[in-house]
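# Tertiary structure, described
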Amino acid sequence: MSGLRVLVGCKRVIDYAVKIRVRPDSLGVVTDGVKHSMNPFDENAIEEAVRMKQKKVVKEIVVASCGPSQSQETIRTALAMGADRGIHVEVPAGTDANLQPLAVAKIFSKLVEKEKPDLVILGKQAIDDDANQTTQLLAGMLDWPQGTMASVVSASDGSLTITREIDGGLEDISVSLPAVISADLRLNEPRYATLPNIMKAKKKKIEKMTPDKLGVDITPRLKILNVVDPPVRQAGDKVPDVTTLVEKLKEKGHL
Amino acid sequence: MIPVRQCLKLTPLCSQIRHGSRMFPQLKRGSFNRITDEDVNLFAGIVGQNGIKTEELDHYNTDWLNTVSGFTELVVSPKSVEEVAAVLRHCNGRRLAVVPQGGNTGLVGGSNPVFDEIVLSLERLNNISHIDPYAGIVECEAGVILQNLSDKVGEHGYTVPLDLGARGSCFIGGNLATHAGGLRVVRYGQLRGSVLGMRVVLPDGQILDGRSNMRKDNTGYDIKQLFIGSEGTLGVITDVSLLLPQTPVSVNMALFGCDSFDDVIKCYRLSRQCLGEIVSACEFMDSLCMTSVNDILGLASPLEDSHPFYYLVETSGMNMDHDMEKLETCIEKVFESGCATDGVMATSKDQARHMMSLRENIAPALKAVGFNYKYDVSLPIQHMYSLVEKIRNKMRKTEGAFSVGYGHLGDNNLHLNIITPQYCTQALSLIEPFVYEEVSRLKGSISAEHGMGLKKANYLRYSKDPSMIAMMRSLKDVFDPNGIMNPYKLLPWND
């Protein structure tokens, strides 16, 4: 099996090492002036596509991202990692926080119509909304099989064998192509973007689009009511002996 | 070049510890008195029973490198400047030798007893008294751990003007006493330039109060500067006021692979020209260093192939777009000129941290391999690596020995390390005094940032004129006529 065409999705999110601050209006988090990078699970997705290309299973990798103009940097990183060309579906800055999985799945389903890939690889979830929905919604819209939380992917004639990380352990499934899969962290170790590749990536094409042009209505269906910090952990009480411990537990109604 | 794999065999550490006195057999204990039970009780009266330790003192007696060890029987930990003063007053009166100790991360055996000197630990003076968010000034006690200080001032959008691998253990007081350098000298300048004020206790217990938060103050002699870098031989630093730079918003890291040290220098020059004021670290390492961190600590290189040299540059600024533009120009120029054959740029904070950790973990990796002979020298940039090559050549017949070079390229500061399976006087004789003679010949410094401590004290003449050394001795007599403060350190006791 060779010559598959792959569409990979990536999202620009706040860098996972940054300390998040809630906005004063409690409707979101502070993003201005904060370091952003590619969603870690998306790095795994791109890396998997690149490895498949190195093994000659994949012929072409198209990377797509939905977001404000800065999403182009994220696409460039993916191109530097080895993707062939990019698609930037631009939404106005400031509205990207309201770009929800349903809208993204619709956009990707239009991109699939256009690009006709054999395989779509997305990151398992974005670290800002932790939704873990786009892959599943997209598979449903396309009526394609899905392999989510993939930690091992291997290709053989017209199908993929996928090991999924689930609560009980690991589950092996086989899906026929075309299919949608979502990458988990243990799928691979993403490569660094080498500088010669970063420079070469500047010459790779990024096609610009808008949700309108694709005929997709991205109006949010969910409204964020409130965003708050987790409650501050209360200090514990030290007790001198077991009797006091039992008393305190009774006092607080735990016994 | 020595094949790396056969050199990198882990050796048990216990065989490496040398008693400071045995490392220098001709060093005799000074005519200090010995501690009695009365002394211990008196100290307990000053600092409280919690401030006295007479058991399990290995961790205070031995240095971080496990290369020197004293045999103190008493560690005293005061919790205020008054307690420090009272302790020193008593020691001075009784002629008891004292070693002030911070995080004990020094690399020249300067913070450990050689014999039975009392260890005066600053660990309980760990209060951060005040942060001025407008002026960007912090007032704190000497026993604050650098990482904690960094975290605390970070809450206000500031960063400490120095950073080094030992940040999780070293104390700011120790950093001052040793005038620590670190990764960011190239950006923030030397530490002494950021010190606005200090309070010091003299060996006789007198408190010298030089605390101040003034940015500019030309009123008389700047005495605090004498204590910075005095390695605890003139007094004990208890408080400091530091000027803080803004925490940068945009931090980037690039690692280049180069074929020769000349290429590294070209890379460095180009990067400084393109990046200018946003440069915040310029480090280099050779391929043996990279292999060591890969193999010993399992930290992978971000570059696919191995290269003879690596150049790491970090930028810190307040505007991401502006910094990226400069970095992209720099990268283009570097590859156009051919002085690097490969490179990577961090695209996330995690990747940036990993790349810096490759450089920061060279010392821990080498420590695990065998006995480390460490040399920290300042040299004209074009001669920095030739010293490594000369030493490597000298050591070529020594079984299991290998030599590496890495360091703060931006400060012309080379860290030369020779590793042998075991400490061996024969190996040492090949290295010293050759290293010092070479550095002296090139008019460099035999200790760029590590200080003199015990290990280098006798070599002071290689970098300082006799008139300077004589003046240092005069000053030592002024501050410490009984010679109780950190004896056998910094000043030569046998040259």
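What counts as what
- Residues numbered from 1 in each chain as written.
- Chains lettered and ligands numbered in written order.
- Predicted model: local features only at pLDDT ≥ 70, side-chain atom pairs only at ≥ 80, totals over all residues.
- Heavy atoms only, no water.
- Contact = heavy atoms within 4.5 Å.
- Buried area = accessible area lost by both parts, 1.4 Å probe.
- Salt bridge = Lys/Arg side-chain N within 4 Å of Asp/Glu carboxyl O.
- Polar contact = N/O pair within 3.5 Å; in protein donor to acceptor, adjacent residues only side chain to side chain.
- Helix = DSSP H or I, 4+ residues; strand = E, 2+ residues; numbered from the N terminus.
- Buried < 20%, exposed > 50% of the residue type's maximum accessible area, 1.4 Å probe, protein only.
- Pairing = 2+ DSSP bridges.
- Right-handed = clockwise from strand over helix to strand, strands pointing away.
- Axes fitted to C-alpha atoms, helices over the stretch in contact; angles between N-to-C directions.
- Phe/Tyr/Trp six-rings, centres within 6.5 Å; stacked < 30°, edge-to-face > 60°.
- Lys NZ or Arg CZ within 6 Å of the ring centre and 35° of its normal.

Let's shift gears to the interface of chain B and chain A. Each partner contributes residues to the interface: chain B has 23 residues there, and chain A has 20 residues. Taking both sides of the interface into account, the surface hidden between chain B and chain A amounts to around 1,800 Å²; carbon and sulfur atoms contribute 63%. Taken together, the connections running from chain B to chain A amount to 2 salt bridges. K202 of chain A serves as the salt-bridge partner of E332 of chain B, at 3.3 Å between the closest nitrogen and oxygen. The interface formed by chain B and chain A includes 4 residue pairs in polar contact (both at pLDDT 80 or more). Those elements that provide at least two residues to the side of chain B that touches chain A are β12 (250-258), α12 (320-337), β15 (342-345) and α13 (349-360) of chain B.

Time to look at the pairing of strand β4 (residues 58-67) of chain A. Residues and elements named next belong to chain A. β4 sits mainly inside the fold: 9 of its 10 residues count as buried. Relative to β4, strand β1 (residues 4-9) is paired through 6 bridges, and the arrangement is parallel. From the neighbouring strand, V8 faces β4, where its bridge partner is V63. With 6 bridges joining them, β4 and strand β5 (residues 85-90) adopt parallel strand pairing. Paired with S65 across the two strands is H88, which belongs to β5. In this view, the connection linking β4 to its parallel neighbour β5 by way of helix α2 (residues 71-81) has right-handed handedness.

All names here are of chain B. Judged by pairing direction, the sheet is antiparallel, and its 5 strands sit side by side in the order β7-β8-β11-β9-β10 without closing on themselves. Looking at strand neighbours, the two that pair on one side only are β7 (128-132) and β10 (207-210), the edges of this open sheet. For this sheet the average axis-to-axis angle between neighbouring strands, irrespective of direction, equals 10°. Inspection of the sheet shows strand β9 (residues 195-201) paired to strand β11 (residues 236-243) by 6 bridges, in the antiparallel sense.

Turning next to the sheet that holds β12 of chain B. Here 8 strands make up an open sheet; going across it, the order is β11(A)-β15(B)-β12(B)-β14(B)-β13(B)-β17(B)-β18(B)-β16(B) and the pairing antiparallel. Single-partner strands in this sheet number two, and they are β11 (193-194) of chain A together with β16 (371-378) of chain B. Where β16 of chain B meets strand β18 (residues 413-420) of chain B, 8 bridges bridge the pair, whose relative direction is antiparallel. Its bridge partner being in β18 of chain B, Y375 of chain B is matched across the sheet by L416 of chain B.

All names here are of chain B. Taken as a whole and judged by the stated rule, the model has 20 aromatic pairs over all chains. Aromatic ring contacts, followed pair by pair, group F32, F71, F115 and Y488 into a single cluster. Against the face of W64 rests K367, its NZ or CZ located 4.0 Å from the ring centre. Across from the ring centre of F434, 4.6 Å away, lies the NZ or CZ of K394, which sits over that ring.

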